[in-house]
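# Structural characterization, general
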Amino acid sequence: MEIKAAIAIDDDPIFCLVAEEALLSLGAKEVQTAQNGAEGLSRLQADPDKFDLVLCDLQMPNMDGVDVIRALGRTGFKGAVAIVSSEHGSVRRAVHAMAQMVGIRILGTLSKPLDTSQLKALILSYEAAAPRVQDALMSPHELVSAMMECRVLPYYQPKFNVRDRKVSSVEVLARHKDKTGQLHGPANLLASAERNKQMFEMTFVLIEQVVADYSRWRKAGIDIGLALNISPLLLNRLELPDILLNRFAEAGIDARKVTLEITEDKLLSFSADVLDILARLRIHGFRLSIDDFGTGATSFEQLQRFPFNELKIDQSFIRAPASDPFARTTVETSARLAAMLDMTVVAEGVETEDQLARAVSAGAAIIQGYLLAKPMASAELIRFLTESKKSTSEAA
Ligand code: C2E
Ligand code: CA
Ligand code: CA
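What comes next is a walk through the structure. Because the structure is a prediction, the values reported are computed rather than measured. (Residues numbered from 1 in each chain as written. Chains lettered and ligands numbered in written order. Predicted model: local features only at pLDDT ≥ 70, side-chain atom pairs only at ≥ 80, totals over all residues. Heavy atoms only, no water.)

With that settled, the discussion passes to the pattern of salt bridges. The final tally for this structure, using the stated rule, is 24 salt bridges. Note that Asp 242 and Arg 280 form a salt bridge whose closest N and O atoms lie 3.0 Å from each other. A residue pair is termed long-range when its members are at least 10 positions apart, and Asp 242 in helix 9 (residues 240-250) and Arg 280 in helix 10 (residues 272-283) qualify at 38 residues. The class of Arg 280 is partly exposed, set by a relative accessible area of 25%. (Salt bridge = Lys/Arg side-chain N within 4 Å of Asp/Glu carboxyl O. Helix = DSSP H or I, 4+ residues; strand = E, 2+ residues; numbered from the N terminus. Buried < 20%, exposed > 50% of the residue type's maximum accessible area, 1.4 Å probe, protein only.)

Next up, the structure:
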């Protein structure tokens, strides 16, 4: 367990006691309790870096949980907050969205009486998402040396056709190797590239390696599509379509084989430039995918105007429990919406057969997730694809 210090803020003393005991039993080193919002907040403000987890009741007299979260946002609190509430789902979702806007990470909601297994699941999700070794962003110089020393590299995760369970394409996922050779996920890398205004360079450092890998795959008789993550930050360069087209053409890769995945959250800037770039990418043959769908605020009208071919439903909805009505409705409505707009539906983050079955019955045509394949290096991908080709031809 990596919780150093947690605080439970609730006007209900019994809840505070139970929460304290549960957090300690789950490995928290220190737990404090506060019986009103103002007291909790003042302890957090006195030492914002001390706490990594806050359990906060929404309904409290005087200063309620919403006030506490807003004020925490102003403090620059970097830990995570779990909401304790029995309010209607729509209220919890509103608080969730507000928290995101003020920069506070909400882990999820706990109901009363406190269920320890629910709390445990939240803490596990916190640990999975928490940046570990590399809290500090890389300086521009560090990022440049990482790129020059080939320590920014592509991993590949297969996307499978539901129809025949064959790999239709692979998604490129950035990885960062530190100086000791340890491999890290892309969170810190992306945040550093964003802050240092090096997202464009970072993307093209990956693309160079991808085209080299692609030619190795072709020599091994592998012919698949590619999916690249493109930060919405790149959608302000009008020359992007030409640069991409030229690079792939030079490498002998047909643009129609390449899907550009653009995350939904920052896509909201709905400008002439963005529409221009997206339209020209499509005209050149690239496929466009809207990533993490359901987490941002794309309206139906925007979805109609953006020329997307594919919609990737965010993993949080795919992995939500079958009993979660909001997640189920989101998956089903997104799939129906996509079908109406002639878009392919992708379910990502599929970890179990049950999630797979639910995604397929909602209308997903493409599946991606640990259940079928994890992200891997190029050499491993070649082995994976050759093995799966062998087993399908043996089965035939
Ligand atoms: P994403 O595009 O939504 O990619 C899916 C993420 O979920 C990947 O995390 C992948 O490793 C993970 N994942 C896939 N299947 C499962 C599953 O079954 N269970 C779980 N728990 N996770 C699964 P990763 O590689 O850490 O990437 C995180 C995000 O970073 C990506 O989310 C994407 O938005 C961004 N990203 C990665 N590479 C690039 C890049 O080259 N450029 C840009 N702009 N963004 C990138
Ligand atoms: Ca993606
Ligand atoms: Ca996604």
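Turning next to the coordination of the calcium ion (ligand 3). Around the calcium ion (ligand 3), the protein supplies Asp 291 (OD), Asp 292 (OD), Glu 348 (OE) and Glu 348 (OE) as donor atoms, at distances of 2.0 to 2.9 Å. For the calcium ion (ligand 3), all donor residues lie on one chain, and their spacing in sequence is D-D-x55-E. Note on Glu 348: relative accessible area 7%, which makes it buried. (Donors = N, O, S within 2.8 Å, 3.2 Å for Na, K, Ca; no water.)

Here we take up the packing of helix 2 (residues 37-46) against helix 3 (residues 65-75). Where helix 2 meets helix 3, the closest approach of the two axes is 10 Å, and the angle between their N-to-C directions is 15°. Comparing the axis directions of helix 2 and helix 3 gives the class roughly parallel. Between helix 2 and helix 3 lies a crossing of right-handed hand. Contacts between helix 2 and helix 3 involve Gly 37, Leu 41, Leu 44 and Gln 45 on the former and, on the latter, Val 68, Ala 71, Leu 72 and Thr 75. Residue composition of the contact of helix 2 with helix 3, by class: 5 nonpolar, 3 polar and no charged. (Axes fitted to C-alpha atoms, helices over the stretch in contact; angles between N-to-C directions. Parallel < 35°, antiparallel > 145°, perpendicular 65-115°, else oblique. Left-handed = near helix turned anticlockwise from the far one by under 90°. Contact = heavy atoms within 4.5 Å. Nonpolar A, V, L, I, M, F, W, Y, C, P; charged D, E, K, R; others polar.)

This paragraph deals with the side chain of Arg 247. For Arg 247, the location among the structural elements is in helix 9. Here Glu 208 takes part through its side chain, which lies 2.6 Å from a polar atom of the side chain of Arg 247. (Polar contact = N/O pair within 3.5 Å; in protein donor to acceptor, adjacent residues only side chain to side chain.)

Around ligand 1, 23 residues are found, and the nearest of them are Ala 174, Arg 175, Gln 315, Glu 351 and Tyr 370. Separating an oxygen atom of ligand 1 from a side-chain N or O atom of Arg 175 is a distance of 2.8 Å. At 2.6 Å, a side-chain N or O of Gln 315 approaches an oxygen atom of ligand 1. In the complex, 82% of the free accessible area of ligand 1, which totals 800 Å², lies under the protein chains. For the shell around ligand 1, the secondary-structure elements that each account for two or more residues are strand 7 (167-177), helix 8 (199-219) and strand 11 (287-293). Among the elements that line the shell around ligand 1, the one with the most residues is strand 7, at 4 residues. The residue inventory of the shell around ligand 1, partitioned by class, reads 9 nonpolar, 7 polar and 7 charged. (Near = heavy atom within 4 Å. Areas by Shrake-Rupley, 256 points an atom, 1.4 Å probe, with all protein chains shown as cover.)

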